[in-house]
Amino acid sequence: QKGGYKHFMLKEIFEQPLVVTNCLTGRLSANHARVTLPELEELSTPERLHIIACGTSFHAGLWAMYIMESWAKIPTSVEIASEYRYRDTILGKGDQVLVISQSGETADTLACLRKVKQQGAKVIGLCNVVGSSIARESDTVIYTQAGPEISVASTKAMCSQLVVLTLMALFWGRRKHVLTEAEETETLDALRRIPEQLEAALPAMREQANALARQYSGARSFLYLGRGPCYPLALEGALKLKEISYIHAEGYAAGEMKHGPIALIDPDFPTFALIMCDDLFPKVQSNLQEVQARNGKIIALTQDDAVLTLDSVWKIPRSRGPLDVFFALPALQLFAYEVADYLGKDVDQPRNLAKSVTVE
Ligand code: F6R
């Protein structure tokens, strides 16, 4: 069942190239130049998009905010379901709600869906489990087609959510004429290349994760830093580490460092930084210099062409802009996996956690 892998989590991390392929199946035009999402065809384009989710699905939603704003020019807010359900939230006339849930059964997310439907909003459900409650109750459901996810820690499901969210942003961007045909085609080309690139990169990524795990698993606490689309990834990296290795980890927007957490930095408190070769590179670099100046150890996840002098530099392949996420995410997952495995934790069944959170 585990296909020769030691744990389901590892198997599911390694399935991600196939997940990207499956997610794209039937969603591109014959010449691969356009997105086809029949699920969205009937709906108008949202004037504002409210994304609601929990945990890892929330992080996928937070990442999507950046592309919804930059590619589709849709004002987007991203909400934690357990907070949203008890707030006096306001929905405008042309607003739409996107609920993201792998299981489709998360109680808080389902409650939000029911709440906004009562307020008359159109709800798009992004689910993995076919026929789940959220899938059934949404006005339209888009399936992530990731296949069953057995490991409690979500990995490939997030990857599949990111693919569909990319397609949605491209679809709306084109429909609004704010994205050119060339931009859509080039992004799709880059997306179609991911499975092969990732397949080739994963074995070396695992080795790197294993080496870093041996070096850093004695730490009692970690700080994860990222900016822009890497900020949600910092949150996700920290979540993965804490849930399966039980090491405390905190994800932070790198620019917020100086507003408090910098006080924690010392040689025993490592920082895992995401520093992609984008416009924010110099900004993150200067944030990391602040950590270095306080003798904090740094693992930097970056790209082949980056020049950095830090304790541990981990290079991953480059894609097109925010699509770098398809390499950064598995790196974070593999690091958490290798630390947990090295420490002898029950990777697939972490204590106190359930795969589907059907109670409040
Ligand atoms: C983390 C994890 C959880 C889920 C969360 C939402 O690895 O698995 O944080 O992401 O419970 O679950 P879904 O997506 O099923 O609504």
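Parameters at a glance
- Every chain's residues receive numbers from 1 upward, in the order its sequence appears when written.
- Per-residue local features are limited, in this predicted model, to residues with pLDDT of at least 70; the limit for side-chain atom pairs, both in listing and counting, is 80 or more; totals at the level of whole chains, interfaces and linings are taken over all residues.
- Just so you know, side-chain values use all the structure's heavy atoms and leave hydrogens and water out.
- The helix count covers DSSP runs of H or I at least four residues long, the strand count covers runs of E at least two residues long, and both are numbered beginning at the N terminus.
- The globule rule used for comparison is 2.2 Å times the number of residues to the exponent 0.38, while the radius of gyration itself is calculated over C-alpha atoms.
- Under the scheme applied here, a residue whose accessible area is under 20% of the maximum for its type counts as buried, over 50% as exposed, and between as partly exposed, the area being computed with a 1.4 Å probe on protein chains only.
- Residue count minus one, scaled by 1.5 Å, sets the expected span of a helix.
- Whenever a nitrogen or oxygen atom comes within 3.5 Å of another N or O atom, the pair is scored as a polar contact, on the condition that within protein one atom can donate a hydrogen and the other can accept it, and that pairs from neighbouring residues in sequence are kept only if both atoms are in side chains.
- What makes two residues a contact is simply this: any of their non-hydrogen atoms within 4.5 Å.
- For two strands to pair, DSSP has to find at least two bridges joining them.
- Only the contacting stretch of a helix is used when fitting its axis, a line to C-alpha atoms as for every element, and angles between N-to-C directions run 0 to 180 degrees.
- For this analysis, a nonpolar core means a set of buried residues of the types Ala, Val, Leu, Ile, Met, Phe, Trp, Tyr and Cys, connected via side-chain atoms within 4.5 Å.
- The criterion for a residue being near a molecule or strand is simple. One of its heavy atoms has to lie within 4 Å of it.
- Here the accessible surface of atoms and residues is derived via Shrake-Rupley with a 1.4 Å probe, and residues count as covered only by protein chains that are part of the display.
- Site definitions follow a grid-based scheme: protein atoms alone, a 1 Å grid, a 1.4 Å probe that fits but cannot get out for cavities, and for pockets an open set with protein on both sides within 12 Å along at least five of seven lines, plus lining residues having an atom within 4 Å of a point.
- Grid points are joined across faces, edges and corners, and a volume is the space filled by probe spheres set on the points.
- Polarity classes work like this: nonpolar for Ala, Val, Leu, Ile, Met, Phe, Trp, Tyr, Cys and Pro, charged for Asp, Glu, Lys and Arg, and polar for all others, with Gly in that last group.
- When the strands point away from the viewer, a crossover counts as right-handed if the path from the first strand over the helix to the second runs clockwise.

A. The arrangement of the overall build of the protein chain in detail. Along the backbone of the protein chain there are 12 helices and 10 strands. Its C-alpha radius of gyration of 20 Å places the protein chain within 12% of the 21 Å reference for a compact globule of 360 residues. For the protein chain, the spread of C-alpha atoms along the three principal axes comes to 55 × 45 × 45 Å. Scored against the burial criterion, the 360 residues of the protein chain give a buried share of 59%.

B. Highlighting helix α10 (residues 230-245). Across its 16 residues, α10 extends 22 Å between first and last C-alpha, which sits within 8% of the 22 Å expected from 1.5 Å per residue. Here α10 lies mainly inside the structure; 13 of its 16 residues are buried. Positive backbone phi, approximately 65 degrees, marks Y246, located one or two places after α10.

C. Fine view of the side chain of T187. Of note, T187 is situated in helix α9 (residues 181-216). Relative accessible area serves as the criterion here: at 3%, T187 is assigned to the buried category. One polar contact links the side chain of T187 to the main-chain carbonyl oxygen of E183, over a distance of 2.7 Å. Excluding residues within four positions of it along the chain, T187 makes contact with W71, L170, R320 and L323.

D. Structural context of the side chain of E79. Tracing the backbone shows E79 in strand β2 (residues 76-80). Of note is the side chain of E79, whose polar atom sits 2.6 Å from the side chain of R87. When near neighbours in sequence (up to four residues on either side) are disregarded, E79 contacts I51, I52, A53, F58, Y84 and R87.

E. Quick look at the sheet that holds strand β7 (residues 248-253). Strand order in the open sheet formed by 5 strands is β7-β6-β8-β9-β10, and the pairing between neighbours is parallel. If you trace the sheet from one side to the other, it starts and ends with β7 and β10 (312-316), each paired once. Taken pair by pair, the neighbouring strands of this sheet meet at an average axis angle of 20 degrees, ignoring direction. Of the pairings in the sheet, the one linking strand β6 (residues 221-226) to strand β8 (residues 271-274) comprises 3 bridges and is parallel in character. Bridge assignment links L225 to a residue of β8, and that residue is A273. Along the sheet, α10 makes contact with β6, β7 and β8, crossing β7 at roughly 175 degrees.

F. Expanded view of the nonpolar core. Among the nonpolar cores identified, the biggest contains 94 residues, and M168, W172, F222, Y224, W314, F326 and F335 are the most heavily contacted of them. Ignoring any residue separated from it by four or fewer positions in sequence, one finds F335 in contact with A209, L212, A213, Y216, F222, Y224, L241, F272, I299 and W314. Counting residues in each nonpolar core, the second largest holds 19 residues, with F269, A273, L288 and A306 among its members.

G. Seen up close, unusual backbone geometry. In the Ramachandran plot, Y246 falls in the positive-phi region, its phi being about 65 degrees despite a non-glycine side chain. The partly exposed category is assigned to Y246, whose relative accessible area is 26%. Residue N295 is not a glycine yet carries a positive backbone phi of 65 degrees. With respect to the helices and strands, the residue N295 is situated in the loop between α11 (281-292) and β9 (298-303).

H. Inspection of the site of the ligand at higher detail. In the neighbourhood of the ligand, 13 residues make up the surrounding shell, with S57, S101, S103, T106 and E243 lying closest. At 2.6 Å, a side-chain N or O of S57 approaches an oxygen atom of the ligand. A distance of 2.7 Å separates an oxygen atom of the ligand from a polar side-chain atom of S103. Contact with the protein chains covers 89% of the free accessible surface of the ligand, which is 410 Å².

I. Region of interest: the layout of surface pockets. The calculated volume of the largest pocket comes to roughly 560 Å³. Lining the largest pocket are 25 residues, and of these C54, G55, T56, K355 and V357 sit closest to its centre. Considered class by class, the residues forming the lining of the largest pocket number 10 nonpolar, 10 polar and 5 charged. Roughly 390 Å³ of volume is contained in the second largest pocket. Forming the boundary of the second largest pocket are 20 residues, of which S70, W71, P229, G321 and P322 lie nearest the centre. Mapped onto the lining of the second largest pocket, the elements with two or more residues apiece are α4 (55-70), α9 and α10. Here the element with the most residues in the lining of the second largest pocket is α4; it accounts for 3 residues.

J. Quick look at the pairing of β7. Summarising the sheet, β6 and β7 pair through 6 bridges and their orientation is parallel. Note that in β7 the partner of G226 across the bridge is A253. This β-α-β element, β6 to α10 to β7, shows right-handed connectivity.

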